[in-house]
Each structure stands twice: as structure tokens, then as C-alpha cells.
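# Topology and contacts: notes
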Amino acid sequence: MTRRFNAVGIVGLGTMGAGIAEVLARAGHAVVAVDADEEGLARGRGHVEHSTGRAVARGKLTGRARAELLGRIDYRTSLDSLAGVDLVVEAVPERIGLKADVLAALDRICRPDVVFASTTSSLSITGIGVRTGRPGKVVGMHFFNPAPVLELVEVVRTVVTEPDVVADVVAFARSLGKTPVVIGDRAGFIANALLFGYLNHAVRMYESRYATREDLDAAMRHGCGYPMGPLALLDLIGLDTAYEILDAMHHRSRDRLHAPAPLLKQMVTAGLLGRKSGRGFHTYDGPDSPTVVPDALTPAAAGGDGVPAREVRRVGVVGTGTMATGIAEVFARRGYDVVLRARSQDGADAALRRVRASLDRAVARGRLAEADRDAALARLAPAVPFERLADRDLVVEAVAEELPVKKAVFAALDRVCKPGAVLATTTSSLPVVECAAATSRPGDVVGLHFFNPAQVMKLVEVVGTIATSAEVVATAREVCLDLGKLPVHCGDRAGFIVNALLFPYLNDAVKMLEAHYASADDIDNAMKVGCSLPMGPFELLDVVGLDVSLAIERALHLEFREEGLAPAPLLEHLVTAGRLGRKTGQGFRDHT
């Protein structure tokens, strides 16, 4: 028989505890909310009143419903007040000793059949539960912040949690309008185990001055469609909270990639905690404000450090694939004279037809005037001999992602292109300097990593090698801006910004599936619902292509030699079996 959790206790009225109290009261439950002192109660009550007041102002809650909701919450300072509840949700600070002490005290107060739930995001539920006389009735209920808004709840079972307790808590979470996923007791559960490795890697990039905070955040927002960049998200979470979660995960997983970046500890020690303190990676116009304000690290709006850019009006594009034709279309639509070079006349004509088809679609959708389409096509010429590129100011190589092929193209460009021409590669993971080394002009070679589809995606990673001249980097930046793109700058390192942050996260998701910790559906749902990502990791892997993903992960592992970056064996096996994702109809899922 399913338990009925009518009266529910909450211990701890910080942001999370107050948010859960609101969720429970909104669902009609009687709530006993406990904090250590009157100050804590006032703070918790303030959170609930402010949140529900906002809901009324936005038309999501009536004034009467708000009054009824607030009336269901009874604020107390004694754990003894929880003697009559059916379920207790512990939401005290993320310290295992404190959480265990709270549940041990509740064990002496509450009825033997009462279920205890911990909201920990990374600590061991087993380690907390064994401090009670009822470890079989202890589970994790990891809500996501803000609890009234985000739907995901990770229900964490231990090896001794009673199956009916898990089932009842799952049913209870659904009754609150939440989406529960059931998982085992391991470091970080699903969402944090995947999310915080990614966030920690971003901090290390910033710490090493590989990219600016603005470029790191912009790269993930515009390159992956994430709602927030990693450093802005850390500021929202709180750097102290992030440090505690990473530290707890590292203690349990012993994975060096979970070891908190030293910069995190330094910032926490200095009181730079993010939005809550008014300053973290970014500076805000006050504590608890979301508004970023300029500070000493904010880059000048003009960019380029005053280095003059070369004039670019004539452009060449080498290649006939999706990326090459997309880039050619982007340049032609912005008024550049474009030569699209292919290995054969048939290939060049076919590439031109693909550009025309894309422009026709834009016209049909009302996004481009017929006259502008015709003008763009008039600026685009197909070619076969490399000599047709001799007068180009900029040549963009977009051939297959194979280093020998790219090096051969750059050697040919070196022979025919005029002095001062900028030579760019669109590689997403190969060393740009290897392409530069195939020429006698390495200072003129730069990476211009467009994202697919180039006609739509705004981001371009501008990759300077150790030999690239400042003038060429400035030229690449100005060209991107003229195309209406957003350039972000980084060094010549495997994966650049986006792939170096994205693919270790995807690889960790595959390892999680491989370990039978959670299903692909649950992992995808956890990241979409809990972290507001546009796609789950397995959806994204199938779209990108498992073979492409494996190649990028191998490049990252070879570059950094980190054991944690080694491609998951399951990914290797799926590629070997020909399950490459949507393009073959089978990947992590079957596609029709």
C-alpha cells in the first residue's frame, strides 16, 4: 500500500529549503518548516513570501491562492515540532556530519515509519542514513534550484533503501509536478556528476588564461545553445557551493578532473562567492543581483588591442561539403567576392547548386529577398585550379577533418596565394600550427572554426597559433564581426573552447551509461530538465555522429594525456559496429 505523505517537515530554510517548502505548500501539503533560530526562520519566510509575491505579479498565482499557500507553512525552531509529520526533507548546509546529526536527532523524535529524505547534491546518502536506526527508510531527494521552477528531482536509493520507500517517494515527487529519476548512491548523482566536471574544466581554462571569461561564456551559449556560460552559472550557483560539491565528488570518485581548480578555493577564501556576494568571476551591481557591470577585467569594446587589420574583400573557400558551402554562402550574402574551389568541375557545380538551394529556402521562408539571393549568387564563382585563388585576400580551408589532406591544401595555397593573404582552417580539433607548418608563411595562418550550420550559428572560434601574427588575428576578428558573427579567441589547443568543454562531458555521460548507473533516457532528462540544456548528451551524440565524437575525444586524450579523457569503451564499440547516430539510423538510439 502506497504511503501518504500528508504532513511534511523541512529542516533548513536556506534558498533550497524555502523553495521546497513553497513547492510542498503549493501542492496542498501541511508543512512544518524548521530552522535553527528566529533569524533563519525570518530569512526562510522572506524567501517564500518574495517568491510567491513574484508569482502573483506575473499572473502565475492568485492572491487568494498565495494566502492559502502561506497559511500551510508552520515555522518552528525545534526539531521536536516534527514529531507528527509523515516525511522529513533535510536541507541543511552541504556538510555530511551536520546532515547525519540532524537525521540522527530526528530518528529519536519521529515515528518509526517516517521516511527521511536528504537534499544533498553530492554527499553519500548511505553515509548519512547509517547514522539513523532506519537506513532502509532514508533516500535522497535532490531538487534543483530554484525548486519552485525546475522540474527534475533525483531520487537516490542506497543498497539498503527499501524498494517500497523508493516507489512511494517517486510517486510523491510526481504528485508535486516534478519529474523524478531513480539512481544509485554515487558522487554527484547524474546532473552534478556531469555538470560540475564541465564547470571545473572551464575554471581551469580561465585560470590558465587560455580564454577570457567573456569568451568562455559566449562560446558555450552561442556554440552549444546553453542558457548560461559556465562562469556565469558558477556565479549563480555560488562559488562556495561549487567548491564543496567538487570537493565531495573528488573525495568519492578520486577522479582528478573533479579536484576543484585552485582558483575556486582562492576566490572563496577572498569572499568572491558570485552573485550572492556581488562579485565572483563577474562583477554585479550589488549582492544577489543578476546584473553584470564592467570591471577592471572587462575587455575594451573595440577589441583588437589597436592592431590594424588587413583589408579583405575577395575570399576563397576550399571544399564542397556542408561547412564549405555554408561558409561560402555567408561570405557571398555579406557582399564578398567568393571563389569556391573544388577538386573537379562536377564537384564545384554541385557545391554551387547546394548554395543556390539554401538561398532558395531562405527566400521561400521570407528571410531573404529574391534580389539579394541573385546578388549573392552573382558574387559566387566555382573553380577547380588552385591558381584561381591567387588574388584572394582570405582563403578558408574547409576540407575533410584529416591532417594530411589539410596540410596538402595549405602547401598548395602557399604556392599560389599572394603575399599577405590570410590562410584559415575551419578544423574543430586538429592543430592549426600543423597547417601553418605546411607553408612558408606561418604568421599568416589562423583557425576560423565556424559552427554548423554556418548560415545560422553565430559563433566563430578564432584560433591563433604560437606563430600567428597579431595583425592576422585582428583581421580574422574584423572579418567575423563584418559577417555578423561573434568571434571568441583562444589558443591552438585540441578542442579549442567549445569542444574541449563539451566532449569530456559527453564522454562522462557514456561512461555513466556504460556502468549501468542510469538509462540514456534518464541521463538525457536529467540534463535537459535539471540543467535546462537544449539536448541531452545521447541526443547530441547521435546528432553530431559517434565517429566524429570519438575522433574529437581521441584528439583531446592525445593532447592532454588525462586518464579521465580516454574515450569510453562503449563509444568505441558502437563506432566499430557502425552505429554512428542519426546518419546511419542507429546510435545510442534507433532512428527512423
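Residues numbered from 1 in each chain as written. Predicted model: local features only at pLDDT ≥ 70, side-chain atom pairs only at ≥ 80, totals over all residues. Heavy atoms only, no water.

Tallying secondary structure elements over the protein chain gives 22 helices and 18 strands in all. The C-alpha atoms of the protein chain give a radius of gyration of 28 Å, which matches the 25 Å a tight globule of 592 residues would have. Taken over the C-alpha atoms alone, the protein chain extends approximately 85 × 50 × 45 Å along its principal axes. In the protein chain, of all internal contacts separated by at least 6 residues, the share reaching a separation of at least 24 is 69%. (Helix = DSSP H or I, 4+ residues; strand = E, 2+ residues; numbered from the N terminus. Rg over C-alpha atoms; globule rule 2.2 N^0.38 Å. Contact = heavy atoms within 4.5 Å.)

A separate point is the sheet that holds strand β12 (residues 337-341). Here 8 strands make up an open sheet; going across it, the order is β13-β12-β11-β14-β15-β16-β17-β18 and the pairing mixed. A single partner strand is all that each edge strand has here, and the edge strands are β13 (380-383) and β18 (486-491). Recorded for the sheet is a direction-independent mean angle of 25 degrees between the axes of neighbouring strands. Bridge analysis of β12 against β13 gives 4 bridges, and the strand direction is parallel. Looking at β13, one finds that Val338 is bridged to Leu380. Its contacts with the sheet put helix α12 (residues 322-333) on β11 (314-318), β12, β13, β14 (394-397) and β16 (445-450), and the angle it makes with β12 is roughly 165 degrees. (Pairing = 2+ DSSP bridges. Axes fitted to C-alpha atoms, helices over the stretch in contact; angles between N-to-C directions.)

This paragraph deals with the UniProt feature "domain: 3-hydroxyacyl-CoA dehydrogenase NAD binding" (unreviewed entry) in the protein chain. Those places that UniProt annotates as "domain: 3-hydroxyacyl-CoA dehydrogenase NAD binding" (unreviewed entry) correspond, in this numbering, to residues 8-185 and 315-492. What you have in residues 8-185 is 41% helix and 22% strand, and the ends, taken at the C-alpha atoms, are 23 Å apart. Annotated as residues 315-492, this span is 42% helix and 22% strand, and its ends, taken at the C-alpha atoms, are 23 Å apart. (UniProt positions renumbered as here; feature names shortened; annotations may be inferred.)

Applying the stated rule across the entire model yields 37 salt bridges. Asp393 is the salt-bridge partner of Lys418, the closest N and O atoms lying 2.6 Å from each other. Within this pair, whereas Lys418 is found in the loop between α15 (403-416) and β15 (422-425), its partner Asp393 is found in the loop between β13 and β14, the two being separated by 25 residues in sequence. A network of salt bridges, in which partner residues are shared, links Arg314, Asp337, Asp391, Arg392, Asp393 and Lys418. (Salt bridge = Lys/Arg side-chain N within 4 Å of Asp/Glu carboxyl O.)

Moving on to the nonpolar core. Ranked by size, the top nonpolar core spans 117 residues in total, and within it Ile190, Phe281 and Ile497 carry the most contacts. Grouped together as the second largest cluster of nonpolar side chains are 38 residues, Ala328, Ala332, Leu340 and Leu394 included. (Core = buried A, V, L, I, M, F, W, Y, C linked by side-chain atoms within 4.5 Å. Buried < 20%, exposed > 50% of the residue type's maximum accessible area, 1.4 Å probe, protein only.)

Okay, the environment of Leu103 next. Mapped onto the elements, Leu103 comes out in helix α4 (residues 96-109). C-alpha separation for the pair Leu103 and Val11, spaced 92 residues apart in sequence, amounts to 9.7 Å. Apart from the residues lying within four places of it in its own chain, the contact partners of Leu103 are Glu90, Phe116, Ile128, Thr132 and Val138.

Below, the discussion takes up the side chain of Asp86. On the secondary structure map, Asp86 appears in the loop between β3 (73-76) and β4 (87-90). Discounting chain neighbours no more than four positions away, the residues touching Asp86 are Arg4, Phe5, Asn6, Ala7, Arg111, Val114 and Val115.

Before going further, it helps to examine the environment of His516. Relative to the elements of secondary structure, His516 occurs in the loop between α18 (498-514) and α19 (520-531). Judged by relative accessible area, which is 72%, His516 ranks as exposed.

Turning our attention to the pairing of β12. Counted residue by residue, β12 has 4 buried out of 5 residues, so it is predominantly covered. Where β11 and β12 come together, 5 bridges link them in parallel fashion. Counted as the bridge partner of Gly316 is Val339 from β12. A crossover connection joins β11 to the parallel β12 through α12; in handedness this β-α-β unit is right-handed. (Right-handed = clockwise from strand over helix to strand, strands pointing away.)

At the junction of Asn145 and Pro146, the peptide bond is cis and its omega measures out at 0 degrees in the coordinates. Note on placement: Pro146 falls in the loop between β6 (138-143) and β7 (152-157). The backbone of Ser532 sits at a positive phi, close to 60 degrees, despite the residue not being glycine. Note on placement: Ser532 falls in the loop between α19 and α20 (537-544). In this structure, Arg561 is a non-glycine residue whose phi angle is positive, near 55 degrees. Following the sequence through the fold, Arg561 ends up in the loop between α21 (546-560) and α22 (569-576).

Right, let's get into the UniProt feature "domain: 3-hydroxyacyl-CoA dehydrogenase C-terminal" (unreviewed entry) in the protein chain. Cross-referencing UniProt, the feature "domain: 3-hydroxyacyl-CoA dehydrogenase C-terminal" (unreviewed entry) maps to residues 188-284 and 495-590 in the present numbering. A helix fraction of 62% and a strand fraction of 2% characterise residues 188-284, whose end C-alpha atoms lie 29 Å from each other. In residues 495-590, the share of helix is 62% and the share of strand is 0%. The end C-alpha atoms are 28 Å apart.

Two elements in contact, α12 and helix α13 (residues 345-364), have axes separated by 10 Å at closest approach and are oriented at 60 degrees. With respect to their mutual orientation, α12 and α13 come out oblique. Crossing angle aside, the handedness with which α12 passes α13 is right-handed. Judged by residue contacts, Thr325, Glu329 and Arg333 of α12 engage Ala351, Arg354, Val355, Ser358, Leu359 and Ala362 from α13. The class makeup of the residues in the contact of α12 with α13 is 4 nonpolar, 2 polar and 3 charged. (Parallel < 35°, antiparallel > 145°, perpendicular 65-115°, else oblique. Left-handed = near helix turned anticlockwise from the far one by under 90°. Nonpolar A, V, L, I, M, F, W, Y, C, P; charged D, E, K, R; others polar.)

Let us look at the packing of aromatic side chains. Applying the stated criterion to the full structure yields 5 aromatic pairs. Consider the rings of Tyr198 and Tyr226, whose centres lie 5.8 Å apart with planes at 85 degrees: the pair is edge-to-face. Here Tyr198 is found in helix α7 (residues 191-207), whereas its partner Tyr226 is found in the loop between α8 (213-224) and α9 (230-237), with 28 residues between them in sequence. The positively charged end of Arg341 is found above the aromatic ring belonging to Phe386, 4.0 Å away from the centroid. (Phe/Tyr/Trp six-rings, centres within 6.5 Å; stacked < 30°, edge-to-face > 60°. Lys NZ or Arg CZ within 6 Å of the ring centre and 35° of its normal.)

The subject of this paragraph is α15. Taking 1.5 Å of rise per residue, the 14 residues of α15 would be expected to cover 20 Å, and the 20 Å separating its terminal C-alpha atoms lies within 8% of that figure. Those residues of α15 that fall on the buried side of the exposure criterion are Lys406, Val409, Phe410, Ala412, Leu413, Asp414 and Val416. Structurally, α15 contributes buried residues whose contacts are with β11, β14, β15, α16 (432-437) and β16. (Expected span 1.5 Å × (residues − 1).)

What follows is about the sheet that holds β7. Sheet architecture is open: 8 strands sit in the order β3-β2-β1-β4-β5-β6-β7-β8, paired in mixed fashion. The outermost strands of the open sheet, each flanked by one partner alone, are β3 and β8 (179-184). Along the sheet, successive strands turn relative to each other by an average axial angle of 25 degrees, direction set aside. Of the pairings in the sheet, the one linking strand β5 (residues 115-118) to β6 comprises 3 bridges and is parallel in character. Following the sheet pairing, Phe116 is matched in β6 by Val138.

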